[in-house]
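A closer look at the structure
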Amino acid sequence: MALLIKNNAYSRVAASLAAGGTTLTVDTGTGDRFPIAASGNYFKLTLQDAANNIEIIKVTARAASSDSLTIERAQEGTTARAWSIGDIVELRLTAGVTAPLQVLEEADTAALIRGKIDVPTRAGGDASGSWNINSATATALQTARLINGVSFNGTANISINLNNSLTPGAFLTGAAFNGSATQTFAVDATSANTASKVVARDASGNFSAGTITAALAGNATTATTLQTARTINGVSFDGSANITITANTPNNITFNNGGAGGGSGSAFNGGAALTVSYNTVGAPSTTGANASGTWGINITGNAESVTNGVYNNGATYGISISGTATTALDSSRAFNYTQSFSGNWDTDFQNAPAGSSILRGDLNGGINNPGATWWFQHNYRHNNSSNFWGVQVAWGWEDNANRLRTRNVQAGSYGAWVDYLNSSNFNSYAPTLTGGGASGTWGISITGNAGSAYGLAVQGSGAAPSGRQVLASGTDGYVYTGYINSNTGNGENPGISQIITTNGDNFYRKSSLAHVGNQLNAAGYQSVTPTTGSPAYYGARAWVNFNGTGVIAIRGSANVSSLTDNASGNYQVNLTTAMPDLNYTVIATGSVDSTQTALMSAYPFANPVNGARVAPLTTGFNVATINAQGNSIGDTIDVCVAVFR
């Protein structure tokens with residue numbers, strides 16, 4: 001039993017492993033990263049989860065190309081626990097694996113190592129001492145052995161004789177064999193009829209023999225006679241010659257057309273006489289030239305004539321036929337007749353033979369009926385007998401007078417009943433016609449294009465509008481029109497009190513200016529609304545509030561992308577959207593210095609070191625902060641800047 005090792009073998013848990021589980025499944029295709037364990041060989045694995053929990057397991061079996069491992073749990077003092085899909089599986093070097101080597105020390109000599117791991121002393125060119133091992137080959141046996149009295153140690157070949165000779169016994173010929181020379185034993189056999197010889201077949205497979213005395217089992221292919229003669233109807237028979245026999249009791253079969261005889265299904269075996277009549281074979285009695293009575297059979301083809309009787313055609317329809325038919329029925333045509341009501345309109349249709357038309361009398365109610373009360377039922381069934389296809393018709397009368405309803409039957413599935421319009425009921429489903437056109441409310445959809453409406457032409461799809469036309473949307477969904485309710489030509493309205501707006505539902509509505517302003521403010525759009533009179537109000541193009549001490553930081557801004565800290569008390573304000581020109585105005589204010597002991601002033605377009613002007617750019621400008629009391633440069637906690645144009 002060997003401990004197996006393999007470099008860099010790793011995988012992950014592919015199926016959840018309970019604390020008591022003994023089969024570990026690793027990710028598909030990674031099993032061959034680990035050794036093959038069988039016949040007592042094993043290897044050890046370490047399991048580890050995201051919380052760094054550890055369990056060492058012993059793998060006792062893994063076949064080639066297999067991702068399934070048979071394991072023993074809780075090795076080397078670890079505790080068996082449940083493991084989840086994705087947990088780490090690795091072949092690591094553990095204390096248990098290295099235990100046999102832990103007795104060695106760095107300073108050990110070869111002699112000390114041999115003593116610790118219990119191996120013999122090496123001497124000369126090879127090891128000496130007592131080695132309890134097997135060698136693949138050896139020059140000589142350590143102790144010579146005797147073979148049939150001859151000494152043998154493996155250094156040379158020897159010759160030996162058998163201690164006892166082998167002598168041929170009965171029915172064998174040849175000299176005794178003692179090992180000194182080759183001998184052949186032969187069977188003492190012959191195909192002739194010779195005493196005390198083994199019987200052998202000749203070249204044709206035959207042999208001669210005298211009397212053979214034995215108990216034989218099985219059947220002979222042929223025999224000349226029976227060992228014991230038997231009697232057949234009192235006549236002895238042993239197979240040596242033909243015989244003639246007569247019946248013991250001569251019983252006859254008699255046919256009777258009067259109905260008397262054995263019952264239906266009677267059998268005749270010669271043991272007794274049997275009278276056969278139409279009752280025996282289960283047929284009706286015959287009278288005159290043809291059969292009378294009730295025949296429970298199906299007849300195909302056309303009868304040349306029918307006397308008083310009942311027409312059946314595979315089911316009982318209760319149709320009495322009197323007299324003689326002058327012409328035969330044509331089997332290729334549908335039959336029209338009535339049959340009894342089953343109480344279920346679906347069943348009535350199914351009872352109609354394939355390829356027939358069945359008419360029933362007046363019916364009242366029933367399952368799956370067309371509604372109301374009194375109807376005449378008519379079933380038209382397709383000639384496909386493997387399923388139910390056709391049309392079922394209901395003709396109304398009495399309280400359903402002049403009503404006609406039908407339903408389609410397709411592959412055994414019954415459609416809904418539908419009504420047909422006539423002059424008595426059309427107004428129940430459509431408006432009344434008056435004069436040259438329809439009046440009333442029509443709940444219908446009309447497709448196509450009308451040439452005119454209310455005497456006006458219809459605008460062409462996508463065409464430019466012209467006077468006195470009915471508007472129509474184009475293929476893009478837009479309506480093309482001129483002015484809507486405009487009484488001042490194509491100029492601007494002198495005064496606006498309302499505008500047209502939409503909230504995204506594709507409906508356009510009028511809205512007051514105040515309502516529009518409130519909606520813009522609620523959406524976060526800021527506006528300046530001047531009062532009556534002049535001049536007008538103008539909003540700031542940009543503004544910023546920032547801390548100018550330490551690492552400068554913007555508290556709030558609009559149209560300001562960033563700040564640049566040039567030096568103490570010297571800042572560059574960078575704009576997101578550039579000014580249209582350099583003729584803009586900047587207002588800047590300061591608060592106090594970083595120690596909050598001095599008042600600070602802010603100046604745009606200024607260099608705080610020499611007081612020189614710093615020309616503005618369309619993309620930004622300079623701001624300087626100076627101690628208002630001591631006239632010294634310094635950073636300011638609050639710097640507020642606004643830009644106007």
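Residues numbered from 1 in each chain as written. Predicted model: local features only at pLDDT ≥ 70, side-chain atom pairs only at ≥ 80, totals over all residues. Heavy atoms only, no water.

**Details of the sheet that holds strand β4 (residues 54–61)**
Basically, it comes down to this: Note on pairing: DSSP must find at least two bridges between two strands before they are called paired. Numbering of helices and strands runs from the N terminus, with a helix taken as a DSSP run of H or I at least four residues long and a strand as a DSSP run of E at least two residues long. A fitted line through C-alpha atoms represents every axis, and for helices the fit uses only the stretch in contact; the resulting angles, taken between N-to-C directions, go from 0 to 180 degrees.
Spatially, β1-β6-β3-β4-β5-β2 is the arrangement adopted by the six strands of the open sheet, whose pairing is antiparallel. Every other strand in the sheet has two partners, leaving β1 (10–12) and β2 (23–25) as the edge strands with one partner each. Taking the axes of each pair of neighbouring strands and ignoring which way they run, one obtains an average angle of 40° across the sheet.

**Things to note about the side chain of Thr-94**
Basically, it comes down to this: The classification of residues rests on relative accessible area computed with a 1.4 Å probe and restricted to protein chains. Under 20% of the type maximum is buried, over 50% is exposed, and intermediate values are partly exposed. In the analysis that follows, any N or O atom pair within 3.5 Å is treated as a polar contact, provided that within protein one partner can donate a hydrogen and the other can accept it, and provided that, for residues neighboring in sequence, both atoms belong to side chains. Contact definition: two residues touch when any of their heavy atoms are within 4.5 Å.
Here Thr-94 lies in the loop between β6 (88–90) and α1 (95–98). Residue class for Thr-94 comes out buried when judged on its relative accessible area of 9%. Within the structure, the side chain of Thr-94 is placed 2.8 Å from the side chain of Glu-76, a separation counted as a polar contact. Ignoring sequence-local partners within four residues, the contact set of Thr-94 consists of Lys-44, Thr-46, Ile-56 and Glu-76.

**Details of the environment of Gln-498**
In this structure, Gln-498 sits in strand β35 (residues 498–501). Between the C-alpha atoms of Gln-498 and His-515, which are 17 residues apart in sequence, the distance is 9.4 Å. Residues within four places of Gln-498 in sequence aside, it is in contact with Lys-510, Ser-511 and Ser-512.

**Digging into the pattern of salt bridges**
Pairs may arise between side chains of opposite charge once their charged atoms sit close together. What counts, and what does not: When a carboxyl oxygen of Asp or Glu is within 4 Å of a side-chain nitrogen of Lys or Arg, the pair counts as a salt bridge.
The full count for this structure, using the stated rule, is ten salt bridges. Between Lys-197 and Asp-188 there is a salt bridge, with its nearest N and O atoms 2.6 Å apart. Here Lys-197 falls in the partly exposed class, since its relative accessible area comes to 33%. The closest approach of N and O atoms between Arg-407 and Asp-346, which form a salt bridge, is 2.5 Å. Remark: Asp-346 occurs in helix α3 (residues 345–351) and Arg-407 occurs in strand β27 (residues 404–410); sequence separation between them is 61 residues. Among the ionic contacts, a cluster of salt bridges with common partners joins Arg-403, Arg-405 and Asp-419.

**Section: the sheet that holds strand β38 (residues 553–558)**
With respect to topology, four strands assemble into an open sheet ordered β38-β37-β44-β41, the strand pairing being antiparallel. Strands at the two margins of the open sheet, each flanked by one partner only, are β38 and β41 (585–590). With direction set aside, neighbouring strand axes in the sheet form an average angle of 10°.

**Structural notes on a nonpolar patch on the surface**
Operational definition: What goes into a patch is any residue over 30% in relative accessible area without a salt bridge, connected to like charges within 9 Å or, for nonpolar side chains (Val, Leu, Ile, Met, Phe, Trp, Tyr), within 5 Å. Working definition of accessibility: Shrake-Rupley area with a 1.4 Å probe, residue cover restricted to the visible protein chains.
On the surface, a nonpolar cluster with roughly 340 Å² of combined accessible area is contributed by Leu-166, Leu-172, Phe-185 and Val-187. Leu-166 sits in the partly exposed class, given a relative accessible area of 48%.

**With respect to the side chain of Ser-511**
Considering the arrangement of structural elements, one finds Ser-511 in strand β36 (residues 509–512). The contact partners of Ser-511, leaving out residues within four places of it in the chain, are Ser-497, Gln-498, Ile-499, Thr-501 and Val-516.

**Looking at the pairing of strand β5 (residues 68–75)**
Consecutive side chains of a regular strand alternate in pointing toward one face of the sheet and then the other. Sheet analysis places β2 next to β5, joined by three bridges and oriented antiparallel. Considered in β5, the bridge of Thr-25 is made with Ser-68. Inspection of the sheet shows β4 paired to β5 by four bridges, in the antiparallel sense. Residue Lys-58 lies in a different strand from β5, and its bridge partner there is Glu-72. Connecting β4 to the next strand, β5, in antiparallel fashion are six residues, including Ser-65 with a positive phi near 65°.

**Notes on the packing of aromatic side chains**
Defined as follows: Only Phe, Tyr and Trp rings are paired, with Trp represented by its six-membered ring, and only when their centres lie within 6.5 Å; those with planes under 30 degrees apart are stacked, over 60 edge-to-face, the remainder tilted.
Tallied over the full model, the rule gives nine aromatic pairs. Here Phe-349 and Tyr-414 contribute two aromatic rings whose centre-to-centre distance is 6.2 Å and whose plane-to-plane angle is 85°, an arrangement assigned as edge-to-face. Of this pair, Phe-349 sits in helix α3 while Tyr-414 sits in strand β28 (residues 413–414), placing them 65 residues apart in sequence. Of the two residues examined, Phe-349 and Tyr-414, each falls in the buried class. Among the aromatic side chains, those forming a connected cluster through ring pairs are Trp-374, Phe-376 and Trp-397.

**Examining the nonpolar core**
Using the following cut-off: The set of buried Ala, Val, Leu, Ile, Met, Phe, Trp, Tyr and Cys residues whose side-chain atoms join them within 4.5 Å is what this entry labels a nonpolar core.
By size, the foremost hydrophobic cluster in this structure holds 20 residues, and its most contacted members are Val-573, Tyr-584, Val-586, Phe-621, Val-623, Val-641 and Val-643. Among the elements of the structure, β37 (542–547), β39 (560–567), β40 (570–575), β41, β43 (620–627) and β44 (639–644) are those that each provide at least two residues to this core. Excluding residues that lie within four positions of it along the chain, Val-586 makes contacts with Pro-604, Phe-605, Phe-621, Val-641, Ala-642 and Val-643. Counting 18 residues, the second largest nonpolar core, distinct from the first, contains Ala-9, Leu-17, Val-26 and Ile-71.

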